[in-house]
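Fold and geometry: a report
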Amino acid sequence: MYFKIRMLFCIIFSFLQFHAFAQDIINFNLVNKKVERNIDISSQIVEVTTEVIIENTAKEPASYVLFSVEPEARHHLAYIGAVSQEEGKPTLRVFPSVVADNKKEAFWRIELKTPLQTGRTVTIKVETVFTHFLVPYPSQITQSEHQLVYYQGNHYYYSPYLTKTQTTKLTLASNSVESYTKLKPVSQADSTVTYGPYENVGPMSFNKMTIHSENNNPFLAVSKLHRTLEVSHWGVISVEEEIDIHHIGAVLKGPFSRYDYQRDQSGVSSVKVFKTVLPASAMDVYYRDEIGNISTSHMRVLDDSVELELRPRFPLFGGWKTHYVLGYYVPTYEYLFNSGDYYVLKMRFVDHVFDDSVIDHAEVKIILPEGVKDIQLKLSYQVQRKSDQLHFTYLDTIGRPVIVLEKSNLVEQHIQDFEIHYKFQKILMLQEPLLVVIALYLLFILVIIYVRLDFTISWDPQRENRLHASGLVERILKHQDKLSDIYFQYDAALMKYKVNKDNASYQVTVKKLNSDHKNEVQAIAEALSKMKQDGSELVEKVSELQRLDRNLKEQFHHHMTLVEKLISGKMNKLTFVESEAAITRKKEELAEKLQTLTNFL
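Quick caveat, the model's predicted, so the values are computed rather than measured. (Residues numbered from 1 in each chain as written. Predicted model: local features only at pLDDT ≥ 70, side-chain atom pairs only at ≥ 80, totals over all residues. Heavy atoms only, no water.)

Next up on the list: the overall build of the protein. Helix and strand counts for the protein stand at 8 helices and 33 strands. Against the compact-globule benchmark of 25 Å for 601 residues, the protein has a radius of gyration of 34 Å, which places it well outside the compact range. Dimensions along the principal axes, computed over C-alpha positions, put the protein at roughly 110 × 70 × 50 Å. Counting the 601 residues in the protein, one finds 41% classified as buried. A fraction of 77% describes how many contacts in the protein between residues 6 or more apart in sequence connect residues 24 or more apart. In the form shown here, the protein has an accessible surface area of approximately 33500 Å², with 54% of it arising from carbon and sulfur atoms. For the protein, the distance from the average site of its 68 positive side-chain charges to the average site of its 73 negative ones is 2 Å. (Helix = DSSP H or I, 4+ residues; strand = E, 2+ residues; numbered from the N terminus. Rg over C-alpha atoms; globule rule 2.2 N^0.38 Å. Buried < 20%, exposed > 50% of the residue type's maximum accessible area, 1.4 Å probe, protein only. Contact = heavy atoms within 4.5 Å. Areas by Shrake-Rupley, 256 points an atom, 1.4 Å probe, with all protein chains shown as cover. Lys, Arg positive; Asp, Glu negative; His and termini not counted. Charge placed at Lys NZ, Arg CZ, Asp CG, Glu CD.)

Right, here's the structure in full:
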């Protein structure tokens, strides 16, 4: 069975190789009867949507058409795709092609669903996306200036076929236009410039189009993206992204003034915040940089996704960079499917980093479980696969296989799933639990020998007192841990009460927590009285622990009183926020002192 699958993949691969290097010819009997181009330069990327009605004037049917782009735009092309405007709008296969008589031009072959018969027409919509195509002009601006960009294109549809009629519409970021070429007929309405219609445009015609306009939208590019997916059959898949972001807009000229930035809201082309979209099942999300956790972020859980609003430590101006790490977990069952010992992992190659994102270079590592075999990779577009690696973590013996993939110049259209097929024997899942059981068993044996057995000949009362005091301290620390958990539940209850204002539920919760708190405090007091009878040296420290806990409970009481006044309308929101901030600071100081004292004990 495996041999047959391998043979099938070889046949498919050979077929794709043949098409990738096959030479085509230009069928001059195909005519672009009508062309409508929409060029969107309202963001940092250039998106061109071209709807073409193609007519076949030849005697033979045509099974494909050729598509081309201008030489100046060829190196900026990030994505190309095509759909037929027939019923259902099926997606058409697009791949690079070589024309024997014209090897200087870049062509793509678009295969039709059904051959185009003589005298018939077919409507095709082609989407192309270009990156780093808009040039900031001027290249340097001050903090208060607006950003202007320069776009250079073609008035005509660059095609190997004759075009009977065509129109081009450009969507700008604003209606502030410094200049644009005036190849008549041309018109401007707000943020739209329309060229055409132009009649009977010859093949591969080029007439330079330039537009100089204002564009203050974010010009962010991910210069490097290191994405790691660690697959576990025990419940979760770990996803971590290490991202370097560079502002590729007009470079900031002169010094940066934080005062002017906040007072005048200057820096309109700077980036203060951007939004990342994660899978709907993402959990335990973290966001940090070299300094540590970045708390200026907000997360919204939606029905079909998780929106994470990321705010860097400083606004990003042209030429500025930032680096951060974003990680989360997703449940395995949503992305891993199996039949017996055969598994299929289906996940995204990249996630939505921010709107209109550009990823200059991405490296994706997929860490599979230890012991997998017969690994096969499927992607909807071409990537470079590097040499496989090994990854060692806890309780690994031979290492986990790592698939390393690389690709450059990615845009949002590349947010597509990949598939990894592999074989894994389920019995191997018991390997790590057995190693843990054996290790713990040996550890417990050593502890029993060291703690339980007493090899001394005479009885030592001082040692017995120390052991008894140590047991009491351990009991106190357990009760103190429970108190910490109760305080956490107090905070959760207050937060929930502020949101839903359900006083009945809130009072029931607080009553239960007060009862639990009283029981734990009483247990600590009883243990302390026994320590006093034994004359322990730690009595003073435990008394200090009790005092700090009483103060902390008192702050929580003040906090609850504030919230109740706010809900009942006895206190305005501004006063509440100021008072809550002061109480929060005191609670944090007391919690830190409690933690320090607990660590000492």
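Between its terminal C-alpha atoms helix α6 (residues 503-534) stretches 47 Å, which fits the 46 Å expected from 32 residues at 1.5 Å a residue. Those residues of α6 that fall on the buried side of the exposure criterion are Tyr-506, Val-510, Leu-513, His-517, Glu-520, Ala-523, Ile-524, Ala-527, Leu-528 and Met-531. Of the residues trailing α6, Gly-535 is marked for its positive phi of about 70°. (Expected span 1.5 Å × (residues − 1).)

Turning our attention to the packing of aromatic side chains. Pairs of aromatic rings are described using the distance from one ring centre to the other and the angle between the two planes. Taken as a whole, this structure holds 21 aromatic pairs when the rule is applied. Centre to centre, the rings of Phe-130 and Phe-133 are 5.6 Å apart; their planes meet at 40°, and the pair counts as tilted. Neither residue differs from the other here; Phe-130 and Phe-133 are each classed as buried. Ring geometry for Tyr-490 versus Phe-556: centroids 5.7 Å apart, planes at 35°, classification tilted. You can see Tyr-490 sitting in helix α5 (residues 461-500) and its partner Phe-556 sitting in helix α7 (residues 539-568), a full 66 residues away along the chain. By the burial criterion, Tyr-490 is buried, and Phe-556 matches it. Counting every residue linked through ring pairs, the aromatic cluster contains Phe-256, Tyr-261, Phe-314, Phe-317 and Trp-320. The cationic tip of Lys-182 hangs over the ring face of Tyr-180; the distance from NZ or CZ to the ring centre is 4.0 Å. (Phe/Tyr/Trp six-rings, centres within 6.5 Å; stacked < 30°, edge-to-face > 60°. Lys NZ or Arg CZ within 6 Å of the ring centre and 35° of its normal.)

Next up on the list: the nonpolar core. Core analysis: the biggest nonpolar cluster contains 48 residues, and Val-46, Ile-124, Tyr-151 and Leu-170 have the highest contact counts within it. Apart from the residues lying within four places of it in its own chain, the contact partners of Ile-124 are Thr-50, Glu-51, Val-52, Ile-54, Val-65, Ala-82, Val-83, Leu-92 and Leu-112. (Core = buried A, V, L, I, M, F, W, Y, C linked by side-chain atoms within 4.5 Å.)

It is at 9 Å that the axes of α7 and helix α8 (residues 573-600) come closest, and there the two elements cross at 160°. On the basis of the axis angle, α7 is roughly antiparallel to α8. Note on packing geometry: the crossing formed by α7 with α8 is left-handed. The residue inventory of the contact of α7 with α8, partitioned by class, reads 13 nonpolar, 6 polar and 8 charged. (Axes fitted to C-alpha atoms, helices over the stretch in contact; angles between N-to-C directions. Parallel < 35°, antiparallel > 145°, perpendicular 65-115°, else oblique. Left-handed = near helix turned anticlockwise from the far one by under 90°. Nonpolar A, V, L, I, M, F, W, Y, C, P; charged D, E, K, R; others polar.)

Between two packed helices, the angle of one axis relative to the other and the distance separating the axes together describe the packing. Relative to each other, α6 and α7 sit at 170°, their axes nearing to 10 Å. The angle between the axes of α6 and α7 places the two elements in the roughly antiparallel class. Helix-helix and strand crossings are classified by hand; for α6 and α7 the assignment is left-handed. Along the contact surface, α6 presents Tyr-506, Gln-507, Val-510, Asn-514, His-517, Val-521, Ile-524, Ala-525, Leu-528, Met-531 and Lys-532, while α7 presents Val-539, Val-542, Ser-543, Gln-546, Asp-549, Lys-553, Met-560 and Glu-564. Taken together, the residues of the contact of α6 with α7 sort by class into 10 nonpolar, 5 polar and 4 charged.

This part takes up the sheet that holds strand β24 (residues 305-310). Read across the sheet, 3 strands follow the order β21-β24-β23 without closing on themselves; strand pairing throughout is antiparallel. Edge positions in the sheet fall to β21 (274-279) and β23 (297-301), since each of these pairs with one other strand and no more. Across the sheet, the mean angle separating the axes of adjacent strands is 20° when strand polarity is ignored. Bridge analysis of β23 against β24 gives 5 bridges, and the strand direction is antiparallel. Looking at the pairing, Arg-300 lines up with Glu-307 of β24. (Pairing = 2+ DSSP bridges.)

Moving on, we come to the sheet that holds strand β12 (residues 148-154). Across the sheet, 4 strands lie side by side as β10-β12-β17-β14; this open sheet has antiparallel pairing. For this open sheet the edge positions go to β10 (135-136) and β14 (177-180), each flanked by a neighbour on one side alone. For β10 and β12, the ladder comprises 2 bridges, and the chain directions are antiparallel. Paired with Pro-136 across the strands is Val-149, a residue of β12.

Both strand β18 (residues 220-231) and strand β19 (residues 236-247) contribute to a ladder of 11 bridges, which runs antiparallel. Looking at the pairing, Lys-224 lines up with Asp-244 of β19. Turn length for the β18-β19 hairpin, with the two strands adjacent in sequence and antiparallel, is 4 residues, and the turn residue Gly-235 shows positive phi of about 140°. Bridge count between β18 and strand β28 (residues 359-367): 7 bridges; the pairing is parallel. If you follow Leu-225 over to β28, its bridge partner there is Ala-362.

A word on the pairing of β12. Taking burial as the measure, the 7 residues of β12 include 5 buried ones, the bulk of the element. Where β12 lies against strand β17 (residues 208-214), 7 bridges are found, and the strand directions are antiparallel. Residue pairing across strands places Tyr-150 opposite His-212, the latter belonging to β17.

Tracing the backbone through its elements, the reader meets Leu-162 in strand β13 (residues 162-171). Relative accessible area serves as the criterion here: at 35%, Leu-162 is assigned to the partly exposed category. Beyond its immediate sequence surroundings of up to four residues, Leu-162 is in contact with Leu-30, Val-31, Asn-32, Asn-200, Val-201, Gly-202 and Pro-203.

Take the pattern of salt bridges next. Close approach of charged atoms allows side chains of opposite charge to pair. On inspection of all chains with the given rule, the structure shows 20 salt bridges. Two residues, Glu-230 and Arg-400, come together in a salt bridge whose shortest N-O distance is 3.2 Å. Here the residue Glu-230 occupies a position in strand β18, and Arg-400 occupies one in strand β32 (residues 400-410), the gap between them amounting to 170 residues. Taking the relative accessible area as the measure of exposure, Arg-400 reaches 11% and is therefore buried. When the shortest N-O distance is used, the salt bridge between Arg-385 and Asp-388 registers 3.1 Å. (Salt bridge = Lys/Arg side-chain N within 4 Å of Asp/Glu carboxyl O.)

Bringing α8 into the picture now. In an α-helix, one turn spans 3.6 residues, which is why side chains three or four residues apart end up on the same side. For α8, which comprises 28 residues, the first-to-last C-alpha distance of 40 Å matches the rise-based estimate of 40 Å (1.5 Å per residue) to within 8%. All of the buried residues in α8 are Phe-576, Glu-580, Ile-583, Lys-587, Leu-590, Leu-594, Leu-597 and Thr-598. Its side-chain oxygen 3.3 Å from the backbone nitrogen of Leu-574, Asn-572 forms the N-cap of α8. (Polar contact = N/O pair within 3.5 Å; in protein donor to acceptor, adjacent residues only side chain to side chain.)

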